[in-house]
Amino acid sequence: MIVWGGVGWLLDRWLETRVFTLVGVLLGLGVAIYLVVVKYGAVEPPPGGRPTSTTRGGQRSRPPEYRKTQKGRR
């Protein structure tokens, strides 16, 4: 933000305007947010994590017989 705001400020002084400082600060803010999202945004699951047991339709599959819940036992 400081770098692009400084570039905008210098451009404002050179062209005798007051617009480019704000544009530079907003551009710097956008670039900073983008870099944070690129670096920390996508968190990959740890290797050997818990496998998901879903069917092709996205519904959870039934647990095997030895892992039935009390509600499933009769």
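Residues numbered from 1 in each chain as written. Predicted model: local features only at pLDDT ≥ 70, side-chain atom pairs only at ≥ 80, totals over all residues. Heavy atoms only, no water.

1. Re the overall build of the protein chain
Move 1: What the protein chain contains, in helices and strands, is two helices and zero strands.
Move 2: The proportion of buried residues among the 74 residues of the protein chain is 7%.
Move 3: Counting every atom, the protein chain has about 7,500 Å² of accessible surface; 62% of that belongs to carbon and sulfur. (Helix = DSSP H or I, 4+ residues; strand = E, 2+ residues; numbered from the N terminus. Buried < 20%, exposed > 50% of the residue type's maximum accessible area, 1.4 Å probe, protein only. Areas by Shrake-Rupley, 256 points an atom, 1.4 Å probe, with all protein chains shown as cover.)

2. Some points on the packing of helix α1 (residues 2-15) against helix α2 (residues 20-40)
Move 1: Between α1 and α2, the shortest axis-to-axis distance is 7 Å and the interhelical angle comes to 165 degrees. With respect to their mutual orientation, α1 and α2 come out roughly antiparallel. Two packed elements cross with a definite hand, and for α1 against α2 that hand is right-handed. On α2, the residues touching W4, G5, G8, W9, L11, D12 and L15 of α1 are F20, T21, G24, V25, L27 and G28.
Move 2: Residue composition of the contact of α1 with α2, grouped by class: seven nonpolar, five polar and one charged. (Axes fitted to C-alpha atoms, helices over the stretch in contact; angles between N-to-C directions. Parallel < 35°, antiparallel > 145°, perpendicular 65-115°, else oblique. Left-handed = near helix turned anticlockwise from the far one by under 90°. Contact = heavy atoms within 4.5 Å. Nonpolar A, V, L, I, M, F, W, Y, C, P; charged D, E, K, R; others polar.)

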